[in-house]
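Take a look at the letters that make up each chain.
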Amino acid sequence: MQNNIKFELRTYYVHFHRGRGLRHIILYLLYTNGPLTGAEIMEKVEESSMGMWRPSPGSVYPMIRELEAEGLIEVVKTEGTKKYYGLTNKGKELLGGFPKERRIDNAITELESLVDYILDNWDSLNSEEKDRIRKIIEKLKSVS
């Protein structure tokens with residue numbers, strides 16, 4: 001199950017990384033990982049996006065404050081200066097409210113964005129990465 005979650009996150013990140021979807025990413029990370037600090041959220045985004053994106057503190061922390069103000073997340077633990085954020089019931093309800101059809105449509109849209117990103121960076125990929133992408137293309141061709 002963990003590998004499936006990472007795959008879903010990877011496709012999810014690329015489409016939404018320009019800011020408007022960061023809120024969804026933060027909510028999803030808190031749902032799948034439990035309480036996290038802002039720094040841990042940035043690390044999880046980078047890890048799950050295979051290093052393609054690491055949001056800056058200037059985008060993560062304002063979004064955390066916005067999510068808190070909306071009542072979707074809250075500080076659940078404090079250790080020294082570290083604040084750990086978790087989902088509120090309202091945040092959990094929001095995540096559970098996406099019908100399957102919408103999730104599939106979002107995944108396809110995100111996949112399109114991921115392909116655009118990879119194509120924009122094709123020249124910087126090493127041969128192993130290009131081979132992995134070619135294998136993915138073959139998998140997709142096998143279902144058509």
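Residues numbered from 1 in each chain as written. Predicted model: local features only at pLDDT ≥ 70, side-chain atom pairs only at ≥ 80, totals over all residues. Heavy atoms only, no water.

### Concerning the environment of Ser 56
Item 1. One can find Ser 56 in the loop between helix H3 (38-48) and helix H4 (57-69).
Item 2. You can call Ser 56 partly exposed: its relative accessible area is 37%.
Item 3. Taking C-alpha positions, Ser 56 is 9.4 Å from Ala 39, a pair spaced 17 residues apart along the chain. (Helix = DSSP H or I, 4+ residues; strand = E, 2+ residues; numbered from the N terminus. Buried < 20%, exposed > 50% of the residue type's maximum accessible area, 1.4 Å probe, protein only.)

### Concerning the nonpolar core
Item 1. By size, the foremost hydrophobic cluster in this structure holds 20 residues, and its most contacted members are Ile 26, Leu 27, Leu 30, Ile 41, Ile 64, Leu 67 and Ile 73.
Item 2. Mapped by element, the contributors of at least two residues to this core are helix H2 (22-33), H3, H4 and strand S2 (82-87).
Item 3. Leu 67 has contacts with Arg 23, Ile 26, Leu 27, Leu 72 and Ile 73, leaving out every residue within four places of it along the chain. (Core = buried A, V, L, I, M, F, W, Y, C linked by side-chain atoms within 4.5 Å. Contact = heavy atoms within 4.5 Å.)

### A look at the pairing of strand S1 (residues 73-79)
Item 1. Here S1 pairs with S2 via 6 bridges, running antiparallel. Counted as the bridge partner of Val 75 is Tyr 85 from S2.
Item 2. What sits between S1 and S2 in their antiparallel hairpin is a turn of 2 residues, with Gly 80 showing a positive phi close to 65°. (Pairing = 2+ DSSP bridges.)

### So, H4
Three- or four-residue spacings in an α-helix give side chains the same orientation, since the helix completes a turn every 3.6 residues.
Item 1. In this model H4 runs 18 Å from its N-terminal to its C-terminal C-alpha over 13 residues, within 8% of the 18 Å that 1.5 Å per residue would give.
Item 2. Taken as a whole, H4 has its buried residues at Val 60, Met 63, Ile 64 and Leu 67. In an axial view of H4, the angular spread of the buried residues amounts to 105°, which keeps them on one side of the axis. In H4, the exposed positions that point more than 90 degrees away from the buried face belong to Gly 58, Arg 65 and Ala 69.
Item 3. Directly after H4, the chain includes Gly 71, whose backbone phi takes a positive value near 80°. (Expected span 1.5 Å × (residues − 1). Arc of directions from axis to C-beta.)

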